[in-house]
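# Fold and geometry: a report
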Amino acid sequence: QVQLVESGGGLVQAGGSLRLSCAASGNIGSINNMSWYRQTPGKQREWVANIGSNGALMYQDSVKGRFTISGTHSKNSVYLQMDSLKPEDTAVYYCYAGSWENAYWGQGTQVTVSS
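Attention here is on the structure that accompanies the text. (Residues numbered from 1 in each chain as written. Predicted model: local features only at pLDDT ≥ 70, side-chain atom pairs only at ≥ 80, totals over all residues. Heavy atoms only, no water.)

Turning to the state of the cysteines, a few remarks are in order. Tallied over the entire structure, the rule returns one disulfide. Through a disulfide, cysteine 22 is tied to cysteine 95; the S-S separation comes to 2.1 Å. One quick way to see it: the torsion about the S-S bond of cysteine 22 and cysteine 95 is about -80 degrees, and its sign makes the bridge left-handed. Placement of the pair is cysteine 22 in strand S3 (residues 18–26) and cysteine 95 in strand S9 (residues 91–98), with a sequence separation of 73 residues. (Disulfide = S-S within 2.5 Å. Helix = DSSP H or I, 4+ residues; strand = E, 2+ residues; numbered from the N terminus.)

Attention now goes to the sheet that holds strand S1 (residues 2–7). Strand order in the open sheet made by the four strands is S1-S3-S8-S7, with antiparallel pairing throughout. Pairing within the sheet leaves two strands with one partner each, and these edge strands are S1 and strand S7 (67–71). Across the sheet, the mean angle from the axis of one strand to that of its neighbour is 15 degrees, orientation sign disregarded. Looking at chain direction, S1 and S3 are connected through six bridges and run antiparallel. Directly across from glutamine 3, in S3, lies its bridge partner serine 25. (Pairing = 2+ DSSP bridges. Axes fitted to C-alpha atoms, helices over the stretch in contact; angles between N-to-C directions.)

Once that is clear, we can look at the pairing of strand S5 (residues 46–52). A regular strand carries its side chains on alternate faces of the sheet. Here S5 lies mainly inside the structure; five of its seven residues are buried. As judged from the six bridges shared by strand S4 (residues 33–39) and S5, these two strands associate in the antiparallel manner. Its bridge partner lying in S5, serine 35 is registered against asparagine 50. The antiparallel pairing of S4 with S5 creates a hairpin that spans six residues between the two strands, and glycine 42 there sits at a positive phi of about 80 degrees. Strand direction decides the pairing type here: S5 and strand S6 (residues 57–59), joined by three bridges, are antiparallel. Paired with asparagine 50 across the bridge in S6 is methionine 58. Remark: four residues form the turn of the hairpin made by S5 and S6, two consecutive strands paired antiparallel; glycine 55 in that turn has positive phi of roughly 90 degrees. (Buried < 20%, exposed > 50% of the residue type's maximum accessible area, 1.4 Å probe, protein only.)

Residue placement: leucine 85 occurs in the loop between strand S8 (77–82) and S9. Taking the C-alpha atoms as reference points, leucine 85 and methionine 34, separated by 51 residues in sequence, lie 22 Å from one another. Other than its neighbours up to four places away in sequence, leucine 85 contacts Val12, Ala14, Gly15, Gly16, Ser17, Leu18, Arg66, Phe67 and Val113. (Contact = heavy atoms within 4.5 Å.)

The description of an aromatic ring pair uses the distance of the two centres, along with the angle that the planes make with each other. Going through the model one piece at a time under the given rule, you end up with three aromatic pairs. Ring geometry for tyrosine 37 and tryptophan 105: centres 4.9 Å apart, planes at 70 degrees, overall edge-to-face. Of this pair, tyrosine 37 sits in strand S4 while tryptophan 105 sits in strand S10 (residues 103–105); the two residues are 68 residues apart in sequence, bridging distant segments of the chain. The partly exposed category is assigned to tryptophan 105, whose relative accessible area is 38%. One aromatic cluster is present, built from ring pairs that chain together Tyr37, Tyr96 and Trp105. Geometry around tyrosine 79 places arginine 19 over its ring, the cationic atom sitting 4.1 Å from the centre. Its guanidinium or amino end placed over the ring of tyrosine 94, arginine 45 lies 3.6 Å from that ring's centre, counting from NZ or CZ. (Phe/Tyr/Trp six-rings, centres within 6.5 Å; stacked < 30°, edge-to-face > 60°. Lys NZ or Arg CZ within 6 Å of the ring centre and 35° of its normal.)

These figures capture arrangement, not role.
Structure below.
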């Protein structure tokens, strides 16, 4: 089992920045990728960014150039630096960790961007 705890959400004005953190504990040796997702009311959860087991970084087109995902080599933490935030980035952000057999989610952290 893997436990994920997010932190760092909050209220920010458009154009501002926030840094989300996700702390992983438990069987972190089984993790082969970590991602950030987000969800707004009435919509499906959408993928935002991913860091693969080989360190490869991938981003949703709408956040490219504004968001940066990073993580520790030991895979016990993953971060999402969010710059130039827009009102449409408002959502609950979730940390995800995947192994070959399981998927794990954090409880989510609210990000609100005011115009």
